[in-house]
Amino acid sequence: MPQQRNALTELVKAHVGEGRRMSTREFAAAAVDAESDWTPSKSLVGKIIGGQGYNITPQLVSAIAAGLGIDREIVAAAAHLQVIGYTEVELTKGAPAKLIKIIGADASTDKAQAVAERWEREA
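The text that follows walks through the structure, step by step, so that each part is easy to find.

About the thresholds
- Residues numbered from 1 in each chain as written.
- Predicted model: local features only at pLDDT ≥ 70, side-chain atom pairs only at ≥ 80, totals over all residues.
- Heavy atoms only, no water.
- Core = buried A, V, L, I, M, F, W, Y, C linked by side-chain atoms within 4.5 Å.
- Buried < 20%, exposed > 50% of the residue type's maximum accessible area, 1.4 Å probe, protein only.
- Helix = DSSP H or I, 4+ residues; strand = E, 2+ residues; numbered from the N terminus.
- Polar contact = N/O pair within 3.5 Å; in protein donor to acceptor, adjacent residues only side chain to side chain.
- Contact = heavy atoms within 4.5 Å.

Some remarks on the nonpolar core
Working step 1: One finds Leu-11, Phe-27, Ile-64, Val-75 and Leu-99 to be the most contacted residues of the largest nonpolar core, which totals 32 residues.
Working step 2: Elements with a contribution of two residues or more to this core: α1 (7-13), α2 (24-30), α3 (42-49), α4 (58-68), α5 (72-83) and α6 (94-103).

Here it is in structure tokens:
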């Protein structure tokens, strides 16, 4: 059974908003999809960090990656986890594993906690 969580939302909320590394205005200015020059509006960024519904598109994934300075592959893994989910095995390697570590797997489930502790021991 796939595990899901609002990973893309969590990823953005961890870095953007009041008391965070970037304001919504700063993030919206930095978050630009290099291919199309598309950038999310401040209101879309507000929806994301507010946990409201929004559409996840390839342009949004690229823009978030640019805005946060995180590899697109990790941001895409967050989008995948939020929309589709991953199996437990898929969460143990590659971008999904890095993502879980970034968004704090230790706060989610016992299984995720065990995985995060194992990664810490192996690091």
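A closer look at the environment of Arg-5
Working step 1: Along the polypeptide, Arg-5 turns up in the segment before α1.
Working step 2: Within the local environment of Arg-5, its side chain forms a polar contact with the side chain of Glu-10, the two groups lying 2.5 Å apart.

Notes on the side chain of Ser-62
Working step 1: With respect to the helices and strands, Ser-62 occurs in helix α4.
Working step 2: Setting aside anything within four residues of it in sequence, one finds Ser-62 in contact with Val-32, Asp-33 and Arg-72.

Things to note about α4
Residues three or four positions apart in an α-helix share a direction because the helix packs 3.6 residues into each turn.
Working step 1: Among the 11 residues of α4, eight are classified as buried, and the element is accordingly described as predominantly covered.
Working step 2: Those residues of α4 lying buried are Leu-60, Val-61, Ser-62, Ala-63, Ile-64, Ala-65, Gly-67 and Leu-68.
Working step 3: Residues of α4 that are buried in the fold lie against α1, α2, α3 and α5.
Working step 4: Of the residues trailing α4, Gly-69 is marked for its positive phi of about 70 degrees.

By themselves, these are just geometric observations and shouldn't be taken as functional.
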